[in-house]
Amino acid sequence: MRMTFQEFLELIEKEDTPPSSLSAPLQALFYEKKGQWARAHNLIQRYEDTDSCWVHAFLHRKEGDIANSKYWYAKAGKAMGKDFDSEWKEIVLSLIGKGL
């Protein structure tokens with residue numbers, strides 16, 4: 001499913017659940033933005049591709065589990081973001097740029 005960043009934000013505002021056509025990493029970021037950290041984590045923890053590892057790292061950092069997040073950032077080959085909002089946006093833009 002191709003969409004813009006703004007369309008993704010609007011989807012989060014309007015819907016309770018993400019469309020199944022979105023990738024697991026985008027679905028997890030959808031739930032995280034809705035304040036459903038556990039649901040986001042439960043979804044993403046079963047995947048180990050690079051994008052999922054990046055989202056997993058972000059979620060653990062948001063949780064405050066820095067040691068665990070560092071492990072997932074290393075698996076993703078990504079650096080920890082400076083602030084949560086900027087990193088969330090960076091991840092979303094990267095994923096929608098891939099058409100996920």
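Residues numbered from 1 in each chain as written. Predicted model: local features only at pLDDT ≥ 70, side-chain atom pairs only at ≥ 80, totals over all residues. Heavy atoms only, no water.

Engineer: Before we move on, could you go through helix α3 (residues 37-44) and cite the residues and values that matter?
Structural biologist: Listed as buried for α3 are Ala 40, His 41, Leu 43 and Ile 44. The buried side chains of α3 occupy one side of the element, clustering within an arc of 160° when seen end-on. Its buried side turned inward, α3 meets α2 (24-33) and α4 (50-63). (Buried < 20%, exposed > 50% of the residue type's maximum accessible area, 1.4 Å probe, protein only. Helix = DSSP H or I, 4+ residues; strand = E, 2+ residues; numbered from the N terminus. Arc of directions from axis to C-beta. Contact = heavy atoms within 4.5 Å.)

Engineer: Give me the environment of Arg 61: which residues, what numbers.
Structural biologist: Take Arg 61: it is sitting in helix α4. Each C-alpha atom, one on Arg 61 and one on Leu 26, is 17 Å from the other, the two residues being 35 residues apart in sequence. Ignoring sequence-local partners within four residues, the contact set of Arg 61 consists of Ile 66, Ser 69, Tyr 73, Met 80, Gly 81, Lys 82, Asp 83, Phe 84 and Glu 87. Side-chain polar atoms of Arg 61 contact the side chain of Tyr 73, separated by 3.2 Å. (Polar contact = N/O pair within 3.5 Å; in protein donor to acceptor, adjacent residues only side chain to side chain.)

Engineer: Which residues make up the packing of helix α1 (residues 5-14) against helix α6 (residues 84-97), and what values do they have?
Structural biologist: Look at α1 against α6: their axes get within 10 Å of each other, and the N-to-C directions meet at 115°. Classified by the angle between their axes, α1 and α6 sit roughly perpendicular to one another. For the element pair α1 and α6, the recorded crossing hand is right-handed. Side by side, α1 and α6 meet where Phe 5, Phe 8, Leu 9 and Ile 12 of the first sit next to Trp 88, Lys 89, Val 92, Leu 93 and Ile 96 of the second. For the contact of α1 with α6, the per-class residue count stands at eight nonpolar, no polar and one charged. (Axes fitted to C-alpha atoms, helices over the stretch in contact; angles between N-to-C directions. Parallel < 35°, antiparallel > 145°, perpendicular 65-115°, else oblique. Left-handed = near helix turned anticlockwise from the far one by under 90°. Nonpolar A, V, L, I, M, F, W, Y, C, P; charged D, E, K, R; others polar.)

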